[in-house]
Amino acid sequence: MQIDFKHASPLTKYKILSNTITPRPIAWISTTDENGIINLAPFSFFAPISPNPVVFSVCITPKSDGSMKDTLKNILATKKATICMCDEKNLKSLNQSATELEYGVSEALRFNIALEVIENGYPPIIKGSLVAFMCELYDVLAISQDSKPVLLEASRCFIDDKIYQEDLKFILKNVGRVGKYYQLPSEWVDPKNL
């Protein structure tokens, strides 16, 4: 089967990419609106694209009704976001935070997701996160109406003391996206055992 992307729908292209470019880590993004309401949402179209400066790309598609996602609204308004990496203990909360809620309704409050302020001036991290990046808006690429690739520059990184090592050779057991399924940490293989 060959698919001509010039004639494929945005949904077709999204499904092909989300099921073939795997595994991908999940960016669990915390933002605040101008009133301080905290929004949490997971994004699997996520990748580092530069180490210097540290820049991540997150592709944000519209809500099911075609309106702008709260995460994008908040990033455009405040110019800040915090990216948390998710491990198995937070998988249920991550899935809950994917629920579409009305703008101004906090997933953290609705689903009882504990938060923690690590760096003043940035949205909080999900409590128990082992790694998080405090980011500022770098750019929004105007590629299409259907999705907005957002570039976020990390100004700070939090690494929990439980895993931090001076040589930075720690191993995270993040939840990753494998097509439409998650790869759980218990399924990861330590590279030393290969």
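Before reading further, recall that the structure is shown in the block above.
Read on for a plain summary of the structure. Note that this is a predicted model, so its numbers are computed, not measured. (Residues numbered from 1 in each chain as written. Predicted model: local features only at pLDDT ≥ 70, side-chain atom pairs only at ≥ 80, totals over all residues. Heavy atoms only, no water.)

### Examining the overall build of the protein chain
For the protein chain, the count of helices and strands is 4 helices and 12 strands. Among the 194 residues that make up the protein chain, the fraction classed as buried is 40%. Relative to all contacts within the protein chain whose residues are 6 or more apart in sequence, the contacts with residues 24 or more apart total 61%. By element, 53% of the accessible surface of the protein chain is carried by carbon and sulfur atoms, the whole surface being about 11400 Å². (Helix = DSSP H or I, 4+ residues; strand = E, 2+ residues; numbered from the N terminus. Buried < 20%, exposed > 50% of the residue type's maximum accessible area, 1.4 Å probe, protein only. Contact = heavy atoms within 4.5 Å. Areas by Shrake-Rupley, 256 points an atom, 1.4 Å probe, with all protein chains shown as cover.)

### Quick word on the packing of aromatic side chains
How two aromatic rings sit relative to each other is set out by the distance from centre to centre and by the angle between their planes. Counted under the stated rule, the structure contains 2 aromatic pairs. Over the aromatic face of Tyr-103 sits the side chain of Lys-73, whose NZ or CZ is 4.4 Å from the ring centroid. (Phe/Tyr/Trp six-rings, centres within 6.5 Å; stacked < 30°, edge-to-face > 60°. Lys NZ or Arg CZ within 6 Å of the ring centre and 35° of its normal.)

### Some remarks on the nonpolar core
One finds Ile-83, Phe-133 and Leu-152 to be the most contacted residues of the largest nonpolar core, which totals 22 residues. At the level of secondary structure, the elements contributing two or more residues to this core comprise strand 2 (27–32), strand 3 (38–43), strand 5 (54–60), helix 2 (70–78), strand 6 (80–84), strand 9 (131–140) and strand 10 (148–159). Element by element, the count of residues in this core is highest for strand 10, at 4 residues. Apart from the residues lying within four places of it in its own chain, the contact partners of Ile-83 are Ala-27, Trp-28, Ile-29, Phe-46, Phe-56, Val-131, Ala-132, Phe-133, Cys-135 and Leu-152. Residues Ile-38, Leu-40, Leu-91 and Met-134 belong to the second largest nonpolar core, which totals 17 residues. (Core = buried A, V, L, I, M, F, W, Y, C linked by side-chain atoms within 4.5 Å.)

### Description of the sheet that holds strand 5
The strand order 3-2-6-9-10-5-4 describes an open sheet built from 7 strands, whose pairing is antiparallel. Each end of this open sheet is capped by a strand with a single partner; those strands are strand 3 and strand 4 (46–51). Between one strand axis and the next, the sheet turns through 35 degrees on average, direction left out of account. Note: strand 4 against strand 5, 5 bridges, orientation antiparallel. Residue pairing across strands places Pro-51 opposite Val-54, the latter belonging to strand 5. (Pairing = 2+ DSSP bridges. Axes fitted to C-alpha atoms, helices over the stretch in contact; angles between N-to-C directions.)

### Brief notes about the pairing of strand 2
The buried fraction of strand 2 is high, at 6 of 6 residues. Judged by which residues are buried, strand 2 turns out to be covered on both faces: Ala-27, Ile-29 and Thr-31 on one side and Trp-28, Ser-30 and Thr-32 on the other are all buried. With 6 bridges connecting them, strand 2 and strand 3 associate as antiparallel partners. The residue of strand 3 that forms the bridge with Ile-29 is Ala-41. As paired elements, strand 2 and strand 6 share 3 bridges and run antiparallel to each other. When the sheet's bridge partners are listed, Trp-28 is paired in strand 6 with Cys-84.

### As for empty space enclosed by the protein
With the rule as written, the count across this model stands at 2 cavities of 30 Å³ or more. Empty space within the largest cavity amounts to approximately 50 Å³. Forming the walls of the largest cavity are Asp-33, Ile-37, Ile-38, Asn-39, Asp-70, Asn-74, Tyr-103, Gly-104, Val-105, Ser-106 and Glu-107. Listed by contribution, the elements that provide at least two residues to the lining of the largest cavity are strand 3 and helix 2. Tallied by class, residues from the lining of the largest cavity come to 4 nonpolar, 4 polar and 3 charged. Forming the walls of the second largest cavity are Met-85, Cys-86, Asp-87, Leu-130, Val-131, Leu-172 and Asn-174. Of the residues in the lining of the second largest cavity, the class split is 5 nonpolar, 1 polar and 1 charged. (1 Å grid on protein atoms, 1.4 Å probe; cavity = no way out; pocket = protein on both sides within 12 Å on 5 of 7 lines; lining within 4 Å. Points joined across faces, edges and corners; volume = space filled by probe spheres on them. Nonpolar A, V, L, I, M, F, W, Y, C, P; charged D, E, K, R; others polar.)

### Side note on the state of the cysteines
Here is the idea: a disulfide is a covalent bond, and it sits between the sulfur atoms of two cysteines. With the rule as written, the count across this model stands at 0 disulfides. Cys-157 takes part in no disulfide bond, and the closest cysteine sulfur to it belongs to Cys-135, at a distance of 9.4 Å. (Disulfide = S-S within 2.5 Å.)

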